[in-house]
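What follows is each chain in one-letter form.
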Amino acid sequence: MNTIYNGIINDGTNYTVRKLALNDLDNILQLQRIVAETLTNKETLQTLSEQEYQYILNGKGLLLGAFIEEKLIAFRALMVPPIDEEHLGLAIGLEKELDKIIYQEISMVNPKYRGNRLQQQLGQLIMETLNKSSVSFKYVCCTVAPSNIPSLKDKFNQGMTVGALIEIYSGKLRYVFVKKITDSEKPQWNKTKKVPTDQIEEQQKLLQDGWHGYKLEQNNNQYFVLYGKL
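Every value quoted in this text rests on a predicted model; they were computed, and no experiment measured them. Counting restarts for each chain: residues are numbered from 1 in the order of the written sequence. Totals for whole chains, interfaces and linings use every residue, but because this is a predicted model, local features are given only for residues with pLDDT of at least 70 and side-chain atom pairs only at 80 or more, for both listing and counting. To get the side-chain values, all heavy atoms of the structure are used, and hydrogens and water are removed first.

**Observations regarding the overall build of the protein chain**
Next up, step 1: A tally of helices and strands in the protein chain yields 5 helices and 11 strands.
Next up, step 2: Buried, partly exposed and exposed residues are distinguished by accessible area as a fraction of the type maximum, computed with a 1.4 Å probe on protein chains only: under 20%, between the cut-offs, and over 50%, respectively. In the protein chain, buried positions account for 48% of the 230 residues.
Next up, step 3: A separation of at least 24 residues holds for 63% of the contacts in the protein chain among residues at least 6 apart in sequence.
Next up, step 4: For accessible areas, the Shrake-Rupley method is used with a probe of radius 1.4 Å. Any residue's cover is judged against the shown protein chains and nothing else. When the accessible surface of the protein chain is summed, it comes to about 12700 Å², and 43% of that surface belongs to carbon and sulfur atoms.
Next up, step 5: Residues scored as charged are limited to Lys and Arg (positive) and Asp and Glu (negative), so that His and the chain ends carry no count. We put the charge of a Lys on NZ, of an Arg on CZ, of an Asp on CG and of a Glu on CD. Measuring between centres, the 27 positive side-chain charges of the protein chain sit 6 Å from its 26 negative side-chain charges. Put simply, DSSP H or I for four residues or longer makes a helix, DSSP E for two residues or longer makes a strand, and each gets a number counted from the N terminus. Here, two residues are considered to be in contact whenever any of their heavy atoms come within 4.5 Å of each other.

Below, the structure written as structure tokens:
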């Protein structure tokens, strides 16, 4: 398959990025198992089933993988979500544009290769690939657990903002992130409030009042989300 990108990790080893296909499914599931087994807090990761990966690989999304030789070391997914009562657009006021939303789904990096900015590189590449495709989407959405600091950093670095903080996936608490794909300018926030990530009710009240989380800050060992209004 055609290579999308050639890169070098910190130790000088070359890697390549390409689109994943159905014949990559076993390697995808194996890498997901490796990552899941290394997590101290299993609640931070919502894994995908084999059927969900098949759904994506059969044309309902996009999967990019990073390889060293023939070994899959990282991947990142976009998924076209079914329009149902759990659609994330319903949580952030986009009821009339559900068919214009694509999800940033799971992102996996083999623990041996963390620290090489593979998640960020794949995030940039997968959105560039989407923009070059013939399918038109207006928004990208995703969910992140409040305790998953690496993923929170990743989403804020992409310019995504928090639009809701809800229970999903059978009662698991998640931020709902959103970004308008066509926006190139950073929004100007006129008001700001800083709230610790573990202050759930305060954040939910701000979000219900029209505030948006737009940045993550750390003070000593505590993390805060900065909220603003346009």
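Next comes the rest of the write-up.
**What to know about the pattern of salt bridges**
Next up, step 1: We count a salt bridge whenever a side-chain nitrogen from Lys or Arg sits within 4 Å of a carboxyl oxygen from Asp or Glu. With the rule as written, the count across this model stands at 7 salt bridges.
Next up, step 2: Arg18 is the salt-bridge partner of Asp24, the closest N and O atoms lying 2.9 Å from each other.
Next up, step 3: The exposure class assigned to Asp24 is buried, which follows from its relative accessible area of 5%.
Next up, step 4: Judged by relative accessible area, which is 17%, Arg18 ranks as buried.
Next up, step 5: By sharing partners, the salt bridges in this structure join Arg76, Asp154 and Lys155 into a single network.

**Re the nonpolar core**
Next up, step 1: Grouped together as the largest cluster of nonpolar side chains are 40 residues, with contacts concentrated most on Tyr175, Phe177 and Tyr227.
Next up, step 2: Residue contributions to this core peak at 6 residues, all from helix α3 (residues 118-132).
Next up, step 3: Tyr175 has contacts with Cys142, Thr143, Val144, Pro146, Leu152, Val162, Ala164, Leu165, Thr197, Gln203, Val225 and Tyr227, leaving out every residue within four places of it along the chain.
Next up, step 4: The criterion is simple. A nonpolar core is a set of buried Ala, Val, Leu, Ile, Met, Phe, Trp, Tyr and Cys residues joined through side-chain atoms within 4.5 Å. Formed by 31 residues, the second largest nonpolar core is a distinct cluster that contains Leu63, Ile92, Leu94 and Leu98.

**A closer look at the side chain of Lys155**
Next up, step 1: Of note, Lys155 is situated in helix α4 (residues 149-157).
Next up, step 2: Look at Lys155 and you get buried, because its relative accessible area is 5%.
Next up, step 3: Filtering out sequence-adjacent residues up to four positions away, Lys155 remains in contact with Arg76, Gln104, Cys142, Val144, Met160 and Phe177.

**Some points on helix α1 (residues 25-38)**
Structural remark: α-helix, 3.6 residues per turn; residues separated by three or four positions point the same way.
Next up, step 1: Expected helix span is taken as 1.5 Å per residue step, with the number of steps being one fewer than the number of residues. An ideal rise of 1.5 Å per residue puts 20 Å on 14 residues; α1 measures up with 20 Å between its terminal C-alpha atoms.
Next up, step 2: All of the buried residues along α1 are Leu25, Ile28, Leu29, Leu31, Gln32 and Val35. For α1, the arc enclosing every buried residue in end-on projection is 160 degrees, short of the 170-degree limit, so these residues lie on one face. The exposed residues of α1 that point more than 90 degrees off its buried face are Asp26 and Glu37. Summarising the geometry, the arc corresponds to the directions from the helix axis toward the C-beta atoms.

**Observations regarding unusual backbone geometry**
Next up, step 1: With a phi close to 60 degrees, Arg117 is a non-glycine residue in the positive phi region.
Next up, step 2: The topology assignment puts Arg117 in the loop between β5 (101-109) and α3.
Next up, step 3: With a phi close to 60 degrees, Asn220 is a non-glycine residue in the positive phi region.
Next up, step 4: Looking at the element boundaries, Asn220 is found in the loop between β10 (212-219) and β11 (222-229).
Next up, step 5: Residue Asn220 is classed as exposed on the basis of its relative accessible area of 66%.

**Section: the environment of Asp183**
Next up, step 1: Looking at the element boundaries, Asp183 is found in the loop between β8 (172-180) and β9 (191-196).
Next up, step 2: Taking the C-alpha atoms as reference, Asp183 lies 23 Å from Leu63; in sequence the two are 120 residues apart.

**A short note on the packing of aromatic side chains**
Next up, step 1: By convention, a stacked pair of Phe, Tyr or Trp rings (six-membered ring in the case of Trp) has centres within 6.5 Å and planes under 30 degrees apart, an edge-to-face pair has planes over 60 apart, and any other such pair is tilted. Taken as a whole, this structure holds 5 aromatic pairs when the rule is applied.
Next up, step 2: With 6.2 Å between their ring centres and 50 degrees between their planes, Tyr5 and Tyr15 make a pair best called tilted. Remark: Tyr15 occurs in strand β2 (residues 14-19) and Tyr5 occurs in strand β1 (residues 3-8); sequence separation between them is 10 residues.
Next up, step 3: Relative to Phe75, the ring of Tyr53 lies with its centre 5.9 Å away and its plane at 80 degrees, an arrangement referred to as edge-to-face. Taken together, the residues span a long stretch of sequence, with Tyr53 in helix α2 (residues 50-57) and Phe75 in strand β4 (residues 71-79) at a distance of 22 residues.
Next up, step 4: Judged by its relative accessible area of 0%, Tyr53 is buried.
Next up, step 5: Owing to a relative accessible area of 0%, Phe75 belongs among the buried residues under this scheme.

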